[in-house]
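For reference, the chains in residue letters:
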Amino acid sequence: MRIEFLGHSCFKVETGGKKLIVDPFISPNKLAAEIDVDSIEVDYILLTHGHEDHVADAEKIAKNNNATLISNFEIVSWYKNKGIEGHEMNHGGNWSFDFGDLKYVNAVHSSVLPDGTYGGNPGGFVLKSEGKTLYIAGDTALHMDMKLLPVNSGKIDLAILPMGDNFTMGVNDALIAADFIECDEIVACHFDTFGYIVIEDKDAAVKKFKAKGKNLTIPAVGQEINI
Ligand code: NI
Ligand code: MN
């Protein structure tokens, strides 16, 4: 599984012979200015929730690629009204796609679509593909349901956790989350893009994880991670 950070909470994932993009927020993101949205080739678009900083480029990428959008029922319904193909899920549900097994899991946050339409409840994803398990938390607080993830899904090889604080978990709660999900390989997201979510001392954050035997990657835009 090849994972590339495209800024904020956006990741491109290549696995099972398919290309996925998660939470595309590229064209409004000054930190991702070098990425050309029109050059992105994907088969699927995964949206954790409806906020603008997760869906900004979803419609364009979907239409450029005739891609299939995967999210909760409310979000997929909204995009289907725009002529975009989609697969609706809801919390706790699993589906076997041609790239792997995907489960939509709980997040504690809020969710509204850019025009004010109700966006359902926010979520995250557990992706199982190529013998690996990836947890994409989405925007979320630390919550006790995270303890269910290794029970339900087995060993999590890599977890992408929001860490910018203010709107989501900060570094300290993300470290507790890493314990709850029993995962030692953590990638940060949802940091530095705009005010309130800057991780001021990245070295200190990495050291906090290291002290608990965990490897924290705070990725640069364009950085690749393989599992
Ligand atoms: Ni959000
Ligand atoms: Mn967000």
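Quantities reported herein were computed from a predicted structural model and do not represent experimental measurements. All residue numbers refer to position in the chain's written sequence, counted from 1. Ligands are numbered from 1 and chains lettered from A, in the order in which they are written. Where totals are concerned, whole chains, interfaces and linings use all residues; where local detail is concerned, this predicted model gives features only for residues with pLDDT of at least 70, and gives and counts side-chain atom pairs only at 80 or more. The side-chain figures draw on all heavy atoms in the structure; neither hydrogens nor water molecules are used.

S.K.: Describe in detail helix 6 (residues 202-211), supporting the description with residues and values.
M.R.: Definition of a polar contact: a pair of N or O atoms within 3.5 Å, with one able to donate and the other able to accept a hydrogen when the atoms are protein atoms, and with sequence-neighbouring residues admitted only if both atoms are side-chain atoms. The helix count covers DSSP runs of H or I at least four residues long, the strand count covers runs of E at least two residues long, and both are numbered beginning at the N terminus. Structurally, the start of helix 6 carries an N-cap: the backbone nitrogen of D203 is 3.4 Å from a side-chain oxygen of D201. Immediately beyond the C-terminal end of helix 6, within one or two residues, lies G213, with a positive phi of roughly 75 degrees.

S.K.: Give me the coordination of the manganese ion (ligand 2): which residues, what numbers.
M.R.: Here the coordinating atoms are restricted to nitrogen, oxygen and sulfur within 2.8 Å of the metal centre, or 3.2 Å for Na, K and Ca, and because water is not among them the sites may look incomplete. Around the manganese ion (ligand 2), the protein contributes the donor atoms D53 (OD), H54 (NE2), D139 (OD) and H190 (NE2), at 2.1 to 2.2 Å from the metal centre. In primary sequence terms, the donor set of the manganese ion (ligand 2) follows D-H-x84-D-x50-H. Between the manganese ion (ligand 2) and the nickel ion (ligand 1), a separation of 3.0 Å is found, and both are coordinated by D139. Here the residue H54 occupies a position in helix 1 (residues 52-55), and D139 occupies one in the loop between strand 10 (132-136) and helix 4 (148-153), the gap between them amounting to 85 residues. Buried, partly exposed and exposed residues are distinguished by accessible area as a fraction of the type maximum, computed with a 1.4 Å probe on protein chains only: under 20%, between the cut-offs, and over 50%, respectively. Residue class for D139 comes out buried when judged on its relative accessible area of 2%.

S.K.: Tell me what's going on with unusual backbone geometry, and back it up with residues and numbers.
M.R.: Phi at E182 is positive, roughly 55 degrees, even though this residue is not glycine. Among the structural elements, E182 can be located in the loop between helix 5 (171-180) and strand 12 (185-189). A positive phi angle, close to 60 degrees, is found at H190, a residue other than glycine.

S.K.: Before we move on, can you summarise the nonpolar core with the specific residues and values?
M.R.: Only buried Ala, Val, Leu, Ile, Met, Phe, Trp, Tyr and Cys residues count toward a nonpolar core, and they belong to the same one when joined by side-chain atoms within 4.5 Å. Y135, L161 and M163 are the most contacted members of the largest nonpolar core, which has 51 residues in total. Ranked by residue count, the leading element in this core is helix 5, at six residues. Those residues in contact with Y135 that lie beyond four places of it in its chain are V105, F125, V126, M146, L149, I156, L158, A159, I160, L161 and I181. Core analysis: the second largest hydrophobic core is formed by 23 residues, I21, I61, A67 and L113 among them. Working rule for contacts: check all heavy atoms of both residues, and any pair within 4.5 Å makes them a contact.

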